[in-house]
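Here is how the chains run, residue by residue.
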Amino acid sequence: MTRPLIISDCDEVLLYMVAPFRDWLAETQGVEFRMEGNDFAQALRWQDSGEILAPEEIWRKLGGFFDTEMHRQTPIPGAIEGIAALREHADVVILTNLVDKRQEMRRAQLIDHGLDARVFTNQGPKGPALQAILDEYRPSKAVFIDDLAQHHRSARETLGPAGANITTLHLCGEPLLAPHIDCAHTAGHADARIDSWDEALPWLMGEIEKEPA
């Protein structure tokens with residue numbers, strides 16, 4: 001019998017991303033990051049002019065950060081320990097939205113923080129990638145953890161009725177983002193919204209150990 005499978009995002013679930021990205025922008029790129037609403041594209045402004053960065057410039061900054069600054073990312077409290085505890089009862093893979101050339105960089109980064117897990121890279125909505133992982137592993141049950149509502153919506157839309165066998169947790173461990181982003185649980189696309197690993201771990205354990213209906 002196959003084991004349960006946990007498919008987890010990385011940025012803002014396991015490792016902080018926005019906070020070190022903000023610091024790098026301010027220190028070296030002449031850019032201020034200030035999240036005031038739920039639109040990431042409106043959060044980056046040139047320090048000199050106050051003008052919002054063009055979308056293509058934002059993508060360049062993100063690429064630059066992931067090319068050279070991933071060492072700035074640190075674990076969200078309880079995340080690495082939580083995944084280690086879950087691995088005693090389930091397999092764990094990482095589904096992260098990075099271009100494919102950064103797959104090995106992400107895996108090495110996580111190993112440096114004590115997490116050796118298979119890493120799947122993806123671009124765009126995560127539903128199709130999630131479906132492919134489930135088709136490969138065919139787990140007894142599955143749990144999907146992500147910090148962004150659009151990926152939970154994509155999971156529900158892609159999996160359809162088969163999605164009844166997957167539990168979804170909306171978790172955003174970054175206080176700079178958590179109050180501002182859309183909530184997948186409120187929208188009906190996630191089974192729960194929990195933003196701290198202290199609370200998430202017992203909930204996840206309960207879902208893994210729950211007997212099938």
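Remember, predicted model here, so these are calculated numbers, not experimental data.

### Let's talk about the pattern of salt bridges
Next, step 1: Enumeration over the complete set of coordinates arrives at 17 salt bridges.
Next, step 2: Residue Glu 27 is joined to Arg 72 by a salt bridge in which the shortest nitrogen-to-oxygen separation is 3.1 Å. Of this pair, Glu 27 sits in helix 1 (residues 18-29) while Arg 72 is found in the loop between helix 2 (55-68) and helix 3 (79-86), placing the two residues 45 residues apart along the sequence.
Next, step 3: Looking at Glu 27, the relative accessible area reads 54%, which means it is exposed.
Next, step 4: Arg 72 gets classed as partly exposed once you look at its relative accessible area, which sits at 24%.
Next, step 5: Because the salt bridges share partners, they merge into one network encompassing Asp 9, Lys 126 and Asp 146.

### Some points on the packing of aromatic side chains
Next, step 1: For the structure shown, the criterion picks out seven aromatic pairs.
Next, step 2: Chaining the aromatic ring pairs together yields one cluster made of Phe 21, Trp 24, Phe 33, Phe 40, Phe 65 and Phe 66.

### Considering the domain arrangement of the chain
For an interface, size is often stated in terms of accessible area lost upon the parts coming together.
Next, step 1: Once the domains are mapped, the chain shows domain 1 (2-14 + 72-207) and domain 2 (16-70).
Next, step 2: Relative to domain 2, the C-alpha centre of domain 1 lies at a distance of 24 Å.
Next, step 3: In this assembly, 23 residues from domain 1 lie in contact with 19 residues from domain 2.
Next, step 4: Here domain 1 packs against domain 2, burying approximately 1,900 Å² in sum over the two surfaces, 54% of which is carbon and sulfur.
Next, step 5: When residues of domain 1 are sorted by the area they lose upon contact with domain 2, Arg 72, Gln 73 and His 180 head the list and together hold 37% of the total.
Next, step 6: Across the contact surface, domain 1 and domain 2 share three salt bridges.
Next, step 7: Run the count over domain 1 and domain 2 and you get twelve residue pairs in polar contact (both at pLDDT 80 or more).

### Quick look at the pairing of strand 6 (residues 142-146)
Next, step 1: Along strand 6, five of the five residues are buried, which leaves the element largely enclosed by surrounding structure.
Next, step 2: The alternating pattern of strand 6 places Ala 142, Phe 144 and Asp 146 and Val 143 and Ile 145 on opposite faces, both of which are buried.
Next, step 3: In this sheet, strand 6 lies alongside strand 1 (residues 5-8) in parallel orientation, the contact comprising four bridges. What sits directly across from Ile 7, in strand 6, is Phe 144.

### With respect to the nonpolar core
Next, step 1: Counting 30 residues, the largest nonpolar core has Leu 14, Ile 94, Ile 145 and Trp 197 as the members making the most contacts within it.
Next, step 2: Elements supplying a minimum of two residues to this core: helix 3, strand 4 (91-96), strand 6 and helix 7 (197-209).
Next, step 3: Within the second largest apolar cluster, 21 residues are counted, among which are Met 17, Val 18, Met 35 and Met 70.

### Quick look at the packing of helix 1 against helix 2
Next, step 1: One way to put it is that helix 1 packs onto helix 2 with a least axis distance of 11 Å and a crossing angle of 100 degrees. In terms of orientation, helix 1 lies roughly perpendicular with respect to helix 2. On helix 2, the residues that touch Pro 20, Phe 21, Trp 24, Leu 25 and Gln 29 of helix 1 are Lys 61, Leu 62, Gly 64 and Phe 65.
Next, step 2: Among the residues making up the contact of helix 1 with helix 2, the classes are represented as six nonpolar, two polar and one charged.

Rules and cut-offs
- Residues numbered from 1 in each chain as written.
- Predicted model: local features only at pLDDT ≥ 70, side-chain atom pairs only at ≥ 80, totals over all residues.
- Heavy atoms only, no water.
- Salt bridge = Lys/Arg side-chain N within 4 Å of Asp/Glu carboxyl O.
- Helix = DSSP H or I, 4+ residues; strand = E, 2+ residues; numbered from the N terminus.
- Buried < 20%, exposed > 50% of the residue type's maximum accessible area, 1.4 Å probe, protein only.
- Phe/Tyr/Trp six-rings, centres within 6.5 Å; stacked < 30°, edge-to-face > 60°.
- Domains from an automatic or database assignment.
- Contact = heavy atoms within 4.5 Å.
- Buried area = accessible area lost by both parts, 1.4 Å probe.
- Polar contact = N/O pair within 3.5 Å; in protein donor to acceptor, adjacent residues only side chain to side chain.
- Pairing = 2+ DSSP bridges.
- Core = buried A, V, L, I, M, F, W, Y, C linked by side-chain atoms within 4.5 Å.
- Axes fitted to C-alpha atoms, helices over the stretch in contact; angles between N-to-C directions.
- Parallel < 35°, antiparallel > 145°, perpendicular 65-115°, else oblique.
- Nonpolar A, V, L, I, M, F, W, Y, C, P; charged D, E, K, R; others polar.

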